[in-house]
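Coordinates in review
Now for the letters of each chain:
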Amino acid sequence: MNWDQIAGNWKQMNGKVREKWGKLTDDDLAVVEGKRDQLIGRIQERYGVAKEHAEEQVKAWEKGLSS
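Attention here is on the structure that accompanies the text. (Residues numbered from 1 in each chain as written. Predicted model: local features only at pLDDT ≥ 70, side-chain atom pairs only at ≥ 80, totals over all residues. Heavy atoms only, no water.)

**Side note on the nonpolar core**
Ranked by size, the top nonpolar core spans 15 residues in total, and within it Trp10, Val17, Trp21 and Leu39 carry the most contacts. Mapped by element, the contributors of at least two residues to this core are helix H1 (3-8), helix H2 (10-20), helix H3 (26-32), helix H4 (36-47) and helix H5 (51-66). (Core = buried A, V, L, I, M, F, W, Y, C linked by side-chain atoms within 4.5 Å. Buried < 20%, exposed > 50% of the residue type's maximum accessible area, 1.4 Å probe, protein only. Helix = DSSP H or I, 4+ residues; strand = E, 2+ residues; numbered from the N terminus.)

As structure tokens, then:
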């Protein structure tokens, strides 16, 4: 699944995002609203990880949705 598909189905993806990153709040997900960079930033904030690590997590998650 590519990011355009994820963004297009963001409301349905909220549950999957919550499963992976449980520290993200409803407000976080509302702000992200399907924007990849926003999601990476929120993961950085909530989990205290470097941008590169957050990007790797999102990329792996995105890849896992295609399986």
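After that view, the rundown keeps rolling.
**Details of H2**
Regarding H2, the residues found buried are Trp10, Met13 and Val17. Along the axis of H2, the buried positions cluster into a sector of 55°, meaning they face one direction only. More than 90 degrees from the buried face of H2, the exposed residues found are Lys11, Gln12 and Glu19. (Arc of directions from axis to C-beta.)

**Looking at the side chain of glutamine 57**
Examined against the element boundaries, glutamine 57 turns out to sit in helix H5. By relative accessible area, which is 19% here, glutamine 57 ends up buried. Once residues within four sequence positions are removed from consideration, glutamine 57 is found in contact with Trp21 and Ile43. (Contact = heavy atoms within 4.5 Å.)

The values reported here are purely geometric and, on their own, carry no functional implication.
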